[in-house]
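Structure assessment
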Amino acid sequence: MAYFEGVKMTAGYGEGPDIISSCSITANRGEIVAILGPNGAGKSTAMKAMLGLLKLKSGSVTLNGEDISKINPQDRVKKGISFVPQTRNVFAELTVRENLEIGGFLTEGSLENKIESIYSLFPILSEKKSQVVGQLSGGQRQQVALGRALMSDPSVLMLDEPTAGVSPIVMDELFEHIIKVKKTNVAVIMVEQNAKQALSISDRGYVLVTGQNKFEGSGIDLLEDPEVRRSFLGA
Amino acid sequence: MDFLNAIIVLFNFTVIPALAYGSQLALGAIFVTLIYAVLRFANFATGDMMSFGTMFAVILTYYFQSLGFGLGVLPTALLTIPFAILMMILYMLIIDKFVFSYYRIKKSPPVQFAMVSVGVMFVTQALIRIIIGPSDRRFLDGEKFIIKATEFKEMTGLAEGITLKSTQAITIIVTLIVVSIMFWFLNRTKTGTSMRAYSDNEDLALLSGIDPKRVVLITWVIAGILATIGGVLYGLDKSYRPFVYFNNMLPIFAAAIVGGIGNPFGAFLGGYVIAFAEIFVTYAYKRFISYLLPEHLEPDSLLQLLSTDYKFAVSFSILVIVLLIRPSGIFKGKVI
Amino acid sequence: MRNYKNVIAAYSIMIFLIILVGIFQSWSIALTILNYCLISAVMTIGANIQWGYAGLINFGIMGYTALGGLAVVLVSVEPVKKAWQVGGLNILACIWIIVAIIFVVKFILNRFDKSKLRNYSVASVILGGIILLRVTAAPGIEAIESVDPARTGFLGGMGLPVLFSWIVGALLAGSLAFVIGKIALGLRADYLAIATLLIAEIIVSIIKHEEWLARGVKNVIGLKRPAPYEIDLQTSEWFINLVTKFNSSKLNLINSISDKQEALNQMVIDASSVYVKLCFTGLFLTVVIILLIVTQKALYSPWGRKMRAIRDNEEAASAMGKNIVKEHLLIFILGSAIVGLAGAMMVTNDGLFTPGSYRPMRYTFVIWVMVIVGGTGNNFGAILGGFVVWFLWVEAAPIALFLINLFTSHLPETNAMRVHLIESAPYFRFLVIGIGLLLIMRYRPQGIIPEKIIKQ
C-alpha cells in the first residue's frame, strides 16, 4: 500500500457529468509522480479530488493508511498535504518572508529554523525576503509558491502545472528545485503539460484520457513506450 | 511680523481644523477600506454604524454624568468609549451572523452585498432614531480649550491668535495612537499578516490553514473600534446628530477611494487629503493675503475659490477626478 | 396566461389596500398615496431599465429627480424681467465661459499626448476658468438675488405650460446622464454606485445653493398646474351640481336648509380636492401606461434581447461584437431621463420646488428598495415595487402607532417607555423598509414578481 492513494475516484463539478471516473493515483514519500494527458483529461480534477476541493461520488483517498475521503481540504492540509495551485499561488501583496510565515501559519512556536531551511533550498528567496512578491519574476514567484507550500512540513506536495508560462531555462531550474524537494522525503505529485521534461525527472507517471487511467509506469518506461510517444509526446 | 501673522491665520483657520476633520475621516475611511479588503463589499451602512457606536457613548456619557463620574478636564465620553465599542462590536457581529454571513458563504457578487448593506443602513438608522431620536446632541464636557486666541495673543504679542480646542487635540492624538496600534497589528503580528493574506488571496489563505471565521471576526472587531472612536471624536468636536453621520459616509467613501480602496494606509492619508482639500478650497484667503500685500493692494473680495456651501462637493469632485485619472487611487489599492 | 395570475393578484391586493385607506382614513389621503405610488412607479421603471436590463447601479436617482424638478421651475414660472435686466448678461456670459472651458480642455486632451504637462495645463485651465466664472458671476448673482428677495430673487423661468416641463425634465436628466455616463460607466459596479451617488450630491448642492437659479433652499411655491384649482372648482356651478347629484340621498336626509347648505359646502370642499387629485391620477396613469407599453415592447425587441445578453454575460456579448459601452451609455441616458420625468411629475403634483428636501435616503435608497422588492428586470414587478414600498413608507408610521398603542395599552399614559415609543413611531418606516429589503433579498432575491414569470 502506497503512502498517499486515490483509489477508483469518480467525481465531477456540482451536478455536472463526471470528469474523472474510477481513476487511481498513488504516490510514496521520496518519489515524484507526474500526471499527464491531453487537455480536458481530468488531470487537475484528479488532483483536486485528492485534496478534497471536490466531493467524490465513489472511491476513496487514503493517507498513510487512514481514510481521509470525508475530511475537508483545510483539515487535509493539517494532516500534511500541501497544494500549489496553477494560478494565484502566492500572496502577491505580501513580502516573500510573510508568504513563508503564512505557509507555516498552523505551526506553533518559532518559524525561524523552517524559514532558514527554505532559504537554503531556494537561495534567491533569502535575497528578496523583504520584497513584495508581486514585484518578482515568474520563476521567482513559483519558488515562493513552492516555499510557502513547504513551510507546513508536508509529507505530500501537489503541484498543478508548476512550469506553466515560464521560459525553458526557468523550467529546468524549477524542476531541479522539485527534485531537491523530493529528496527531503516528500511525495511530490504534479500535473504537467511539458510531458517529456516532466517524465524525465519523474519516478512514475500516469497518463489520463477522458478521466480514466490509460497508461502508467515508471518515467523512463513511459518515455520509451511507442504508443505513449506517438499519442502524447509528439514523436 | 506680518508674515508671521499670515502664517498663524492660515494655521488657525485651515491647518488645525483640517487635521482634526481629516483624522475623523481617516478613521472612517480605514473602516470602509478594511471591510472592503477582507469582506469585499462597499458598506453603505458605514455612516450609520459610526452613529450607532457613538449613540452608546452619548447615552453612557449622560449616565456617567448623572452618577458624577468624570475625567476632570477631559471629556467624560472618553471613559465611555470602551463600553460603546463593546456594544458596537456586538451589534456588528449580530448583523454579520444574521445578514452578511449568508451571502459570504454563497459567495454573492459585491453588488448584492452592497444592496444588503443598504438594508442594514435602513435598520440601523431606524434603531438609532427609535433609541435616541433624531435631534442634535452635545455631550462634550471638561475643559473646552487648550489654547485660547486671546491668551496666545498676549503671550506672543502678535495680532493673530491660535485657538486649539481640546477636542481637536484629543482627536488628533487619539487617532494617531489608534492608527499606529492598528498598523502595528496588521503588519507585525501573525494574526494581522493572516488578515492581509486573506484579503489578498482568499483561496490560498484557506489552503494555508487560516480560519476564515476568525479573520472575519477580527475584522469586525477592528471595524467596531475604528467606527466607534471615529464617531465619538467627530461628535465631541462638532455634535452628535444621526443625519449628519449618515451624510459623513460620503466624504469617508471619497477618502477611502482616493487613498486606494483596500489599502488601509492609503485610506488614512486619503482622509487628510479630502479634509485639506475641502478646507483649502473653501477658505476665504482675504485676511491671509492682506498681511502679505502692501496696504494699497489689499483685495476687496473674500478671495474664496468656492463658498463653504460646496464643501462636500469639493471632496466629491476630487473623487471623480481620481476615479478618472487613476482609478486605483493615489496610493494604489486593489485593482478595479 | 397562468403566469399572469400572480401579477394580477398582486396588483389587486395593492389596489384593495389603497381602497382600505380611502375607507378608513380618507379618499383624499388614498389618492395622494396613489399619485405618489404612480410617480414612484415611473422612477422605478427608470431605475429598473438601468439595473434590470443592463445591470448598471445608478445611486444618483436623487440628482435626476432634482433636475426634473428644476425643469418645472425653469419652464413654467414666469420670467423675472427685472432680474434678467440686472444680471442676465453676467449669467449668459458665464454660460459662454463654461462652454469655452470645455472646448479648451477638449482641445488640449485631443491635441497633446498624455503627459504631466497636459494634466497641469488642464488643471490650470479649469482653475483659471473657475476664478473667471466667479468674478463674472458675482455682481450678476448679487443683483439678481436682491430683486424682491422675499418673492423672487431669481431669474424665473420661461412661462410655458407646465406639462412641457416634463419633457424638458427628461431631456435635462438625459443630458446629465450622458456626461456622467461618459465619466463613470467604465467603473466596476460598486464604484459606479458610489460615484453616481456623490455626483448626485454635487448636483443637489448646486441647486440648493445657487439661489439665482431657482431660489435654492428658499423654495419656489405656487407652481402652475395641469389641473384645475380647488378654489375655482368650489365656485363653479357645474361642479356643485355634480356634487349635489352624487350625494343627493345623503343631502335629502337633512331637513334644515342652512344645515343642508353647510353640509353641501363641506362636501364640495372635499370633493374638489378629490377631483383635482383624480386629474393628476389620470395624467400620471397615462404616463405609466405609455412607459409600460414602450418598455415592454423594447424588452422583447431584438434590442432588449441584446441588452439582456450583455447583462448576463458581458464578455461573451462583447466577443460577439456588441458595443457594450455604447449600449450601456444609451440605457443609462434613457433610464435617467425617465427618472427626470418622474422628478418633474412630482414637483408638478406638489406645486412647489423644495431643493432642501432632496436627500439620498428618500430619493435614492428607497427607490432602489422598490426596484429590488418588486423584481428586477421586469417592469410589472418594478411598478408593483413602487406601489408596495411607497405604501409601506407612508403607512408604516400609522400602523406602528396603532401597534404600539395596542401592545402598551396596559401601561399608564405617562409611562416613559410608552411615550418614547409613541414619539418614535415615524421612524418605524425605516425599520419596516430595511427589514423588508433584507427579507426579500434573502428569501426571494428575484423580487415579488420575478423576471422569469413574464419571460415566456
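Structural notes, computed from the coordinates.

1. Details of the overall build of chain C
Counting its secondary structure elements, chain C contains 20 helices and zero strands. Expressed along its principal axes, the backbone C-alpha trace of chain C runs to roughly 90 × 60 × 50 Å. Every one of the 456 residues in chain C was classed for burial, and the buried ones make up 51%. Here the analysis covers contacts within chain C between residues at least 6 apart in sequence; of these, 82% occur between residues at least 24 apart. Accessible area of chain C: about 22,000 Å², with a carbon and sulfur share of 68%. Looking at charge distribution, chain C has the averaged site of its 37 positive side-chain charges lying 11 Å from that of its 24 negative ones.

2. With respect to the sheet that holds strand β10 (residues 212–218) of chain A
All names here are of chain A. Within the open sheet, the six strands sit side by side as β6-β7-β8-β3-β9-β10. Their pairing is mixed. Both outer strands of the open sheet, β6 (81–84) and β10, are each paired with one neighbouring strand and no more. On average, each strand axis in the sheet is inclined to that of its neighbour by 15°, with strand direction left out of account. Sheet topology places strand β7 (residues 156–160) next to strand β8 (residues 187–191); five bridges connect them, and they run parallel. Residue pairing across strands places Met 158 opposite Ile 189, the latter belonging to β8. On the sheet, helix α6 (residues 138–150) packs against β6 and β7 and is oriented at approximately 165° with respect to β6. Lying on the sheet, helix α7 (residues 168–183) is in contact with β3 (32–36), β7 and β8; it crosses β8 at an angle near 150°.

3. A closer look at the state of the cysteines
All names here are of chain C. One pass over the structure, following the stated rule, counts zero disulfides over all chains. Of all cysteine sulfurs in the structure, the one in Cys 279 sits closest to Cys 37, which takes part in no disulfide; the separation is 19 Å. We classify Cys 37 as buried; its relative accessible area is 0%.

4. Here's the deal with the pattern of salt bridges
One pass over the structure, following the stated rule, counts 20 salt bridges over all chains. In this structure, Glu 202 of chain B engages Lys 107 of chain B in a salt bridge whose closest nitrogen and oxygen atoms are separated by 3.6 Å. Here the residue Glu 202 of chain B occupies a position in helix α8 (residues 202–207), and Lys 107 of chain B occupies one in the loop between α3 (77–105) and α4 (110–131), the gap between them amounting to 95 residues. Residue classification places Lys 107 of chain B among the exposed positions, given a relative accessible area of 59%. With its nearest N and O atoms 3.0 Å apart, the salt bridge here joins Lys 306 of chain C to Glu 327 of chain C.

5. Let's talk about a nonpolar patch on the surface
A cluster of nonpolar side chains, Ile 321, Leu 324 and Ile 325 of chain B together with Phe 178, Val 179 and Ile 183 of chain C, forms an exposed patch at the surface whose accessible area comes to about 530 Å². Elements that contribute at least two residues to the nonpolar patch include exactly α13 (311–325) of chain B together with α6 (162–184) of chain C. Relative to the assigned elements, Phe 178 of chain C resides in helix α6.

6. Notes on the interface of chain A and chain B
On the chain B side, the residues contacting the 18 residues of chain A number 17 residues. Between chain A and chain B, a total of about 1,700 Å² is buried, with carbon and sulfur atoms accounting for 58% of that surface. Inspection of the region where chain A meets chain B yields one salt bridge. Arg 196 of chain B is the salt-bridge partner of Glu 98 of chain A, the closest N and O atoms lying 2.5 Å from each other. Summed over the shared surface of chain A and chain B, the result is eight residue pairs in polar contact (both at pLDDT 80 or more). Those elements giving two or more residues to the side of chain A that touches chain B turn out to be α2 (73–78) and α3 (96–103) of chain A. Class assignment of the residues belonging to the side of chain A that touches chain B gives a composition of eleven nonpolar, three polar and four charged.

7. Notes on the interface of chain C and chain B
Of the residues lining the interface, 49 residues belong to chain C; the matching set on chain B comes to 48 residues. In total, chain C and chain B occlude about 4,400 Å² of area from one another, counting both sides; carbon and sulfur atoms represent 78% of this. Of all residues in chain C, the largest losses of buried area upon contact with chain B belong to Tyr 191, Leu 198 and Arg 442 of chain C, amounting jointly to 15% of the total for that side. At the boundary of chain C with chain B, the tally comes to zero salt bridges. Seen at the junction of chain C and chain B, the total is seven residue pairs in polar contact (both at pLDDT 80 or more). Looking at the side of chain C that touches chain B, the elements with two or more residues in it are α5 (116–145), α7 (189–209), α16 (360–374), α18 (416–423) and α19 (428–443) of chain C.

8. As for the pairing of β6 of chain A
All names here are of chain A. Covered by surrounding structure in β6 are Ile 81 and Phe 83 together with Ser 82 and Val 84, the residues of both alternating faces. By the bridge criterion, four bridges tie β6 to β7 in an arrangement that is parallel. Among the inter-strand pairings, Val 84 is bridged to a residue of β7, identified as Leu 159.

9. Brief notes about the packing of aromatic side chains
Within this structure, the stated rule accounts for 40 aromatic pairs over all chains. For the pair Tyr 103 of chain B and Phe 113 of chain B, a centre-to-centre distance of 6.3 Å together with 65° between the ring planes defines the contact as edge-to-face. Of this pair, Tyr 103 of chain B sits in helix α3 while Phe 113 of chain B sits in helix α4, placing them ten residues apart in sequence. Look at Phe 113 of chain B and you get buried, because its relative accessible area is 5%. The ring of Phe 98 of chain B carries the charged tip of Lys 97 of chain B above its face, separated from the ring centre by 6.0 Å. The side chain of Arg 442 of chain C reaches across the aromatic face of Tyr 102 of chain B, ending 4.0 Å from its centre.

Rules used throughout
- Residues numbered from 1 in each chain as written.
- Chains lettered and ligands numbered in written order.
- Predicted model: local features only at pLDDT ≥ 70, side-chain atom pairs only at ≥ 80, totals over all residues.
- Heavy atoms only, no water.
- Helix = DSSP H or I, 4+ residues; strand = E, 2+ residues; numbered from the N terminus.
- Buried < 20%, exposed > 50% of the residue type's maximum accessible area, 1.4 Å probe, protein only.
- Contact = heavy atoms within 4.5 Å.
- Areas by Shrake-Rupley, 256 points an atom, 1.4 Å probe, with all protein chains shown as cover.
- Lys, Arg positive; Asp, Glu negative; His and termini not counted.
- Charge placed at Lys NZ, Arg CZ, Asp CG, Glu CD.
- Pairing = 2+ DSSP bridges.
- Axes fitted to C-alpha atoms, helices over the stretch in contact; angles between N-to-C directions.
- Disulfide = S-S within 2.5 Å.
- Salt bridge = Lys/Arg side-chain N within 4 Å of Asp/Glu carboxyl O.
- Patch = residues over 30% accessible without salt bridge, like charges linked within 9 Å, V, L, I, M, F, W, Y side chains within 5 Å.
- Buried area = accessible area lost by both parts, 1.4 Å probe.
- Polar contact = N/O pair within 3.5 Å; in protein donor to acceptor, adjacent residues only side chain to side chain.
- Nonpolar A, V, L, I, M, F, W, Y, C, P; charged D, E, K, R; others polar.
- Phe/Tyr/Trp six-rings, centres within 6.5 Å; stacked < 30°, edge-to-face > 60°.
- Lys NZ or Arg CZ within 6 Å of the ring centre and 35° of its normal.

The values are spatial; any link to function lies outside them.
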